[in-house]
Amino acid sequence: MIQYVEVGLTFVTIGLAAAIFCHFVLRRRVPGDFWGALIVGLVGAALGGLLDQAFAGLIERLANFNTVNVFAAAFCAFLLIWLLSRLND
């Protein structure tokens, strides 16, 4: 049970980091400002984790932290925030 909590917290951390990076560092405008970026970052991190599970044979494990492929989760979080910011333009 505690492993699921650790995995969930890892996804939340990746989504939060992606939102902070895109909103405060890159200064990307997204609908909902920081909160919109955070929600999309969380969804993207979870989606990246699911895609990693679905294509485990295709995607070589680049790095594991609490059984989460950090690169896949971070990539999807950044991708979805970028897409949302493009829709805002």
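Residues numbered from 1 in each chain as written. Predicted model: local features only at pLDDT ≥ 70, side-chain atom pairs only at ≥ 80, totals over all residues. Heavy atoms only, no water.

Enquirer: Can you lay out the overall build of the protein chain for me, pointing to particular residues and giving the numbers?
Expert: Counting its secondary structure elements, the protein chain contains three helices and two strands. Along its sequence from the N terminus, the protein chain presents helices and strands in the succession α-α-β-β-α. Across the protein chain, the fraction of contacts at a sequence separation of at least 24, relative to all contacts at a separation of at least 6, is 72%. (Helix = DSSP H or I, 4+ residues; strand = E, 2+ residues; numbered from the N terminus. Contact = heavy atoms within 4.5 Å.)

Enquirer: Now, about helix 2 (residues 33-54): what can you tell me, with residues and values included?
Expert: Over its 22 residues, helix 2 extends 31 Å from the first C-alpha to the last, a length consistent with the 32 Å expected when each residue adds 1.5 Å. Of the residues making up helix 2, those classed as buried are Phe-34, Gly-36, Ala-37, Leu-38, Val-40, Gly-41, Gly-44, Ala-45, Gly-48, Gly-49 and Asp-52. (Expected span 1.5 Å × (residues − 1). Buried < 20%, exposed > 50% of the residue type's maximum accessible area, 1.4 Å probe, protein only.)

Enquirer: Tell me about the environment of Leu-51, and name the residues and values.
Expert: Mapped onto the secondary structure, Leu-51 falls in helix 2. A relative accessible area of 34% places Leu-51 in the partly exposed class.

Enquirer: Break down the nonpolar core for me, with residues and values.
Expert: Counting 18 residues, the largest nonpolar core has Phe-11, Ile-14, Ala-19, Ala-45, Val-68, Ala-73 and Ile-81 as the members making the most contacts within it. Sorting the residues of this core by element identifies helix 1 (2-25), helix 2 and helix 3 (70-88) as the ones contributing at least two each. Per element, the largest residue contribution to this core is six residues, and it comes from helix 1. Residues contacting Ala-45, with those up to four places away along its chain left out, are Phe-11, Ile-14, Gly-15, Ala-73 and Ala-77. (Core = buried A, V, L, I, M, F, W, Y, C linked by side-chain atoms within 4.5 Å.)

Enquirer: Account for the confidence of the model for the protein chain, with residues named and values stated.
Expert: A residue-level look at the protein chain finds 87% of positions with pLDDT of 70 or above and a mean pLDDT of 81. Taken element by element, the protein chain is modelled with least confidence in strand 1 (residues 64-65), mean pLDDT 60, and with most confidence in helix 1, mean pLDDT 88. (pLDDT = per-residue confidence, 0-100.)

Enquirer: Go over unusual backbone geometry, please, and point to the residues and values.
Expert: Although it is not a glycine, Asp-33 adopts a positive phi angle of roughly 50 degrees. Tracing the backbone shows Asp-33 in helix 2.

Enquirer: Account for a nonpolar patch on the surface, naming residues and giving values.
Expert: A grouping of Leu-16, Ile-20, Phe-21, Phe-24, Val-25, Leu-26 and Phe-78 is seen on the molecular surface, where their side chains present a nonpolar patch of about 600 Å² in accessible area. The element contributing the most residues to the nonpolar patch is helix 1, with five residues. The residue Leu-26 is located in the loop between helix 1 and helix 2 in this model. Leu-26 gets classed as partly exposed once you look at its relative accessible area, which sits at 44%. (Patch = residues over 30% accessible without salt bridge, like charges linked within 9 Å, V, L, I, M, F, W, Y side chains within 5 Å. Areas by Shrake-Rupley, 256 points an atom, 1.4 Å probe, with all protein chains shown as cover. Salt bridge = Lys/Arg side-chain N within 4 Å of Asp/Glu carboxyl O.)

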